Amino acid sequence: MLDTASPAAKAPATATTPADAPAASAAPRPPLWRREALALALFAFFAVAPAIAQVGAEGYLLSLVIRAMIFAIAALSLDLILGYGALVSFGHAAFVGIGCYAVGILMAHAVPDIFVQLLVTLVASALFAFVTGAISLRTKGVYFIMITLAFGQMVYFLTTSLAPYGGDDGLTLPSRSTVLGTDVLENDTVFYYLVLACLVGVYALLRAIVGSRFGRVLRGTKENAVRMQAIGYDPYRYQLAAYVIAGMIAGLAGFLLANQLEFVSPAFISWQRSGELIIMVVLGGMGTLTGAIVGAMSFLFLEEILARITQDWKLIFGPLLVLVALFARGGILGFFRRAK
Amino acid sequence: MSVILELRNLRKNYGALAVTDDVSLSVEAGELHAVIGPNGAGKTTLIHQISGLAPSDSGAILFDGQDVTHAPMHERVRAGLARSFQITSILPGFSARENVATAVQARSGSSFRFFGDPSRERALDDEAMEALATVGLTARADIVAGQLSHGEKRQLELAIALATRPKLLLLDEPLAGTGREESERVVETLQGLKNRYTIVLIEHDMEAVFALADRVSVLVYGRVIATGAPEVVRADAAVREAYLGEEAA
Amino acid sequence: MYTTLILVQTLNGLQFGIILFLIAAGLTLVFGVMDFINLAHGVQYMIGAYFAFAFTTWTGNFGLGLLLALPTALAFGLLLEALVFRHLYDKDHLEQVLATFGIILFLNQGVKVIWGSSPLFVPVPDFLQGSIVLFEGFFYPVYRLAIIGAGLAVAALLYVLVNYTRAGMLVRAGATNAKMVAALGVDIRRLFMIVFGFGAMLAGFAGAMVAPILSVEPGMGDNLLILAFVVIVIGGIGSIRGAFLAALIIGLVDTLGRTFAGDVLRLFLEPGAASTIGRAVAPMLIYILMAAVLFFRPAGLFPVKR
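Since the structure is predicted, the reported quantities are computational estimates derived from the model, not experimental observations.

## Side note on the overall build of chain C
Across its full length, chain C carries 12 helices and two strands. Its helices and strands taken in sequence order, chain C reads α-α-α-α-β-β-α-α-α-α-α-α-α-α from the N to the C terminus. Here the C-alpha radius of gyration of chain C, 20 Å, is about what a compact globule of 306 residues would show, namely 19 Å. Viewed in the frame of its principal axes, chain C has a C-alpha envelope of about 60 × 50 × 35 Å. Counting only residues that meet the buried cut, chain C has 49% of its 306 residues in that class.

What follows is the structure in structure tokens.
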């Protein structure tokens, strides 16, 4: 029922053959730099952006780009399950929230060390993903969307009731995480490149995963779950594993977000935030990974640009989303691919 | 000869309707056993029950010495029970080669490997190409499966089933919806598979079946009314009345 | 004293459930018949409240305002259908989510531009002012009773429409198998349009009815949308009967839970912990309920047979 004809499914199969395969096979696949041209261009842009921003002397630009990269990480993780696994999670912001609150709560208890915080973030989001995923994956289609929404809302309301940690109002952090006792992350440039490193790392990891044996099973399940069962796979186990991986990466995004803003709030976990993550992925073009980055960037930059033109920017942004849904099948990447 | 698949008093009801009504059947290793019956006889439901897509209400399914009555489909496949679908079931976005390689992968090593490109695994690829060669699709290996012709998709589905290295092949109306020429090609392929695999063939097209099958079972309204060699079944009075008579009329 | 509190909160829960039903009824039909995820259903509730405000202010009479708000909400729903939704029926769910999310942004901002972002208030009409004594020592606001009454009347009307009219029969058939209905030569597009407009009007009606007891503000439909989704999922997508019962259950569980969760927990825990945990658990109750229902009955309590 859900997106049986996704851009991934429509894209020509990558004719991947070992170099010494029989002559009947198709051309060898292009080299890495050509396959990943767009991703490399995006990363190059991110790498030089601080230098450009310096010229304009506008610190807020840098923080906008950091935010875009953090949401790109969250969107990438959603693309793994949504774009490659056809699992429409409507509660993905909960994982971002778990990352945020792991940092916030540990900070409040004077545990500022980055490694401890990261470990707690990853373990907590993995556990939450495992338990909720194990339950949610029993349902299909629309019911999966709704049950993930329910779990997202539970986390949302849980955080609003955490009175010792700010409740509704959120929690201001005393500082960023410390690295081996130093406050090196307080330096915005250092933090910027940490986020960029995470983004590149996550992208590379996910690119490897979707192209691996595991990724093949995940993609196959999206194509035709019954067929996968009929050749001996139990789709549930693979989908659950993907759900846990995606949850952990989204938790990492939350960890970074809390550090950037030095503030955490239930507002990061509301259903609208989960909706925005879906929209970033669909907007960019799902099932492509690069699309998730493009989607997150477009979403946040467009928001920023429109907001500078008019305070009623949503009057323009809303209809834009409608137009994309109506006319840009496969999101921004799909649009350009067809235009070529 | 040894029995590889045995159905004991298998039942399945949809509401008040008995779709599979006390079916007992045994398939011997190496034979091509055809199950024929008019439309609505419950053939597809029976194959769903054997393959594990539909649960059985009562009775038992023994496969290769194991009771698989309640085993999920993927476990039955791993035990050696492969099937094709009446409505072609492939991975439409994958190339033909990757369709088959995915089936090979399912039984060779863990699929919880997150690194490394499986399309570069020679072992998977070679076996996939071998299965494609068996069904005559070598030249179409790198075509996206969704773009293959209907007949080619049927051939591909057969290759996928073969790639699971089955002890028993369950084929659900492989001739359904194929044109004359295509159906001849399918029959030819089946001839080639016969004697190499144990096959349960569910089919509506009787002429093809009588030419191919070692034994034939006739299913009418969820009941097996006759089992035996083709010429014996063809001569059976009950069969002539229930099935052939209907066809002739 | 305590019994009175329970009774009052039970009635409040019913009233809330009725409002939820009015919103969920349209949503479940749009979802069940058209297989269409309409996130913008909540803003139609908001729009109804704003229309009620505008017309009540203009005419100086809530009754007249309500009477004008209804056809306007219907017209607005049909306009949206023609402009946007009609072109989304054939798209997949994610594209529907994208587009209807865009509509939420647009309309939430739109009402801000027109009416400002501060909450607006609609006076309770004179003849429904005050409280009445239901029995000795037990007062209840007349207006809330009126909401319950009106909601039950609409539910009855819907029941008749869906079960005893040709359009209703088509809607039921459509919820079961839309392709089959189309194959019967029914103009499925027109059926969709009617269902959609009707659903929008019901949501608008709910918004108009609550305008005098809640503040009318941008984004007021966002959280109710999610509650309405909870209702239709628990009730079984496409089932009006399921939506009605689930709406009442959700209304009661949510209202009573928020009031009494702490008290109930006090039976097991020491008071401080009980009230802390109670406050935390109360808003989560309905989501826990939904997850539990889906776990045990993956197609809801009253699945439409397919």
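## Some words on the domain arrangement of chain B
Size of an interface: often given as the accessible area lost when the parts come together. Residues and elements named next belong to chain B. Under the domain assignment, chain B is made up of domain 1 (1–80 + 166–249) and domain 2 (90–165). With centres defined by C-alpha atoms, the gap from domain 1 to domain 2 works out at 26 Å. Contacts between domain 1 and domain 2 engage 11 residues on the former and 10 residues on the latter. Mapped onto the side of domain 1 that touches domain 2, the elements with two or more residues apiece are α2 (73–79) and α6 (180–193). Sorting elements by how many residues they give to the side of domain 1 that touches domain 2 places α6 first, with four residues. Across the side of domain 1 that touches domain 2, the residue classes tally to five nonpolar, three polar and three charged.

## Comments concerning the interface of chain C and chain A
Across the boundary between the two partners, chain C contributes 36 residues, which contact 36 residues of chain A. Looking at the side of chain C that touches chain A, the elements with two or more residues in it are α4 (93–115), α9 (220–235), α11 (271–281) and α12 (285–296) of chain C. Among the elements that line the side of chain C that touches chain A, the one with the most residues is α4 of chain C, at 15 residues. Residues belonging to the side of chain C that touches chain A are distributed by class as follows: 25 nonpolar, six polar and five charged.

## With respect to the confidence of the model for chain B
The predicted model of chain B has a mean per-residue pLDDT of 88, with 97% of residues at 70 or higher. Mean pLDDT per element in chain B: helix α9 (residues 237–248) of chain B is the minimum at 65, and helix α3 (residues 96–107) of chain B is the maximum at 94.

## Remarks on the interface of chain B and chain A
Each side of the interface is counted separately: chain B has 38 residues, and chain A has 30 residues. Elements with a contribution of two residues or more to the side of chain B that touches chain A: α2, α3 and α4 (122–134) of chain B. Partitioned by chemical class, the residues of the side of chain B that touches chain A number 16 nonpolar, 12 polar and 10 charged.

## Quick look at unusual backbone geometry
The phi dihedral of leucine 180 of chain A is positive, around 50°, even though this residue is not glycine. For leucine 180 of chain A, the location among the structural elements is in the loop between β1 (171–172) and α8 (188–211). Since 8 C-beta atoms lie within 10 Å of it, leucine 180 of chain A is described here as exposed. Of note in the backbone geometry, tyrosine 221 of chain B takes a positive phi value of approximately 50° without being a glycine.

## Some words on the sheet that holds strand β10 (residues 223–228) of chain B
Residue and element names in this part refer to chain B. Within the open sheet, the six strands sit side by side as β6-β7-β8-β3-β9-β10. Their pairing is mixed. Of all the strands in the sheet, just β6 (81–83) and β10 have a single pairing partner and so form its edges. The sheet shows a mean angle of 20° between the axes of neighbouring strands, direction not considered. Pairing of strand β9 (residues 215–220) with β10 involves five bridges; the strand directions are antiparallel. Opposite valine 216, over in β10, you have glycine 228 as the bridge partner. Each of β3 (32–36), β6, β7 (168–172), β8 (198–203) and β9 is contacted by helix α1 (residues 43–51), which is oriented at about 150° to β7, the strand it contacts most.

## Thoughts on the pairing of β3 of chain B
All names here are of chain B. Of all five residues that make up β3, five are buried, and the element is covered over most of its length. Side chains of β3 alternate between two faces, with Leu32, Ala34 and Ile36 and His33 and Val35 buried alike. Two strands pair when backbone bridges link them, and β3 and β8 are joined in this way by five bridges, in the parallel orientation. Of the residues in β8, the one forming a bridge with leucine 32 is isoleucine 199. The pairing of β3 with β9 spans four bridges and is classified as parallel. What sits directly across from histidine 33, in β9, is arginine 215.

## What to know about the packing of α9 of chain C against helix α10 (residues 240–265) of chain C
Residues and elements named next belong to chain C. For the pair α9 and α10, interaxial distance at closest approach is 8 Å and the crossing angle is 125°. As far as their axial angle goes, α10 and α9 are oblique. Between α9 and α10 the crossing geometry is right-handed. Here Leu227, Val230, Val231, Ile232, Ile234 and Gly235 of α9 lie close against α10, whose contacting residues are Gly242, Ala243, Leu245, Ala246, Ala247 and Ile250.

## Observations concerning the environment of glycine 151 of chain C
Residues and elements named next belong to chain C. The residue glycine 151 is located in helix α5 (residues 142–164) in this model. Using a count of 23 C-beta atoms within 10 Å as the deciding quantity, one classes glycine 151 as buried. Expressed as a C-alpha distance, the spacing of glycine 151 and leucine 22, which sit 129 residues apart in the sequence, is 7.1 Å. Every residue in contact with glycine 151, bar those within four places of it in the chain, is listed here: Ile18, Ile19, Phe21 and Leu22.

## Quick word on helix α11 (residues 235–261) of chain A
Residue and element names in this part refer to chain A. If you check α11, its first and last C-alpha atoms are 39 Å apart, about what 27 residues at 1.5 Å a residue would give, namely 39 Å. Counting buried positions over the 27 residues of α11 gives 21, a clear majority of the element. Of the residues flanking the end of α11, it is glutamate 262, one or two places downstream, whose phi is positive at about 50°.

## Comments concerning the nonpolar core
One finds Ala72 of chain A together with Val231 of chain C to be the most contacted residues of the largest nonpolar core, which totals 283 residues. Lining this core are residues from two domains, each supplying at least three of them: domain 1 (1–80 + 166–249) and domain 2 (90–165) of chain B. With sequence-adjacent residues up to four places away left out, valine 231 of chain C is seen in contact with Leu20, Ala24, Ala243, Ala246, Ala247 and Ile250 of chain C.

## Concerning the packing of helix α6 (residues 114–136) of chain A against α11 of chain A
Residues and elements named next belong to chain A. It is the contact of α6 with α11, at a shortest axis distance of 8 Å, that shows an interaxial angle of 145°. The element α6 and its partner α11 pack so that their crossing is right-handed. On α11, the residues touching Gln117, Leu118, Thr121, Leu122, Ala124, Ser125, Ala126, Phe128, Ala129, Phe130, Gly133 and Ala134 of α6 are Leu240, Tyr243, Val244, Gly247, Met248, Ala250, Gly251, Leu252, Gly254 and Phe255. Along the lines of polarity and charge, the residues of the contact of α6 with α11 split into 15 nonpolar, seven polar and no charged.

Rules of the game
Residue positions are given per chain, counting from 1 as you read along its sequence in written order. Note on labels: chains are lettered from A, ligands numbered from 1, in written order. Reporting of local features is limited, given that this is a predicted model, to residues whose pLDDT is at least 70; pairs of side-chain atoms are given and counted only at 80 or more, and all residues count toward the totals for whole chains, interfaces and linings. Runs of E in the DSSP output that reach at least two residues are strands. Runs of H or I that reach at least four are helices, and both are numbered from the N terminus. The globule rule used for comparison is 2.2 Å times the number of residues to the exponent 0.38, while the radius of gyration itself is calculated over C-alpha atoms. Residues are called buried when their C-beta atom has 20 or more other C-beta atoms within 10 Å, exposed when it has 12 or fewer, and partly exposed otherwise; all C-beta atoms are positioned from the backbone. Start and end points for every domain follow an automatic or database-based domain assignment. Remark: residues whose backbone-derived C-beta atoms lie within 7 Å of one another are considered to be in contact. Each residue receives one of three labels: charged for Asp, Glu, Lys and Arg, nonpolar for Ala, Val, Leu, Ile, Met, Phe, Trp, Tyr, Cys and Pro, and polar for the others, Gly being one of them. Across the chain, each position has a pLDDT score giving the predictor's confidence in that residue, from 0 to 100. Pairing between two strands is assigned when DSSP locates at least 2 bridges connecting them. Only the contacting stretch of a helix is used when fitting its axis, a line to C-alpha atoms as for every element, and angles between N-to-C directions run 0 to 180 degrees. In what follows, roughly perpendicular refers to angles from 65 to 115 degrees, roughly parallel to angles under 35, roughly antiparallel to angles over 145, and oblique to any angle outside these ranges. Two helices cross in a left-handed way if the nearer one is turned anticlockwise from the farther one by less than a right angle. They cross in a right-handed way if the turn is clockwise. To estimate the expected span of a helix, subtract one from its residue number and multiply by 1.5 Å. As used throughout, a nonpolar core is a set of buried Ala, Val, Leu, Ile, Met, Phe, Trp, Tyr and Cys residues joined through C-beta atoms within 7 Å of each other.

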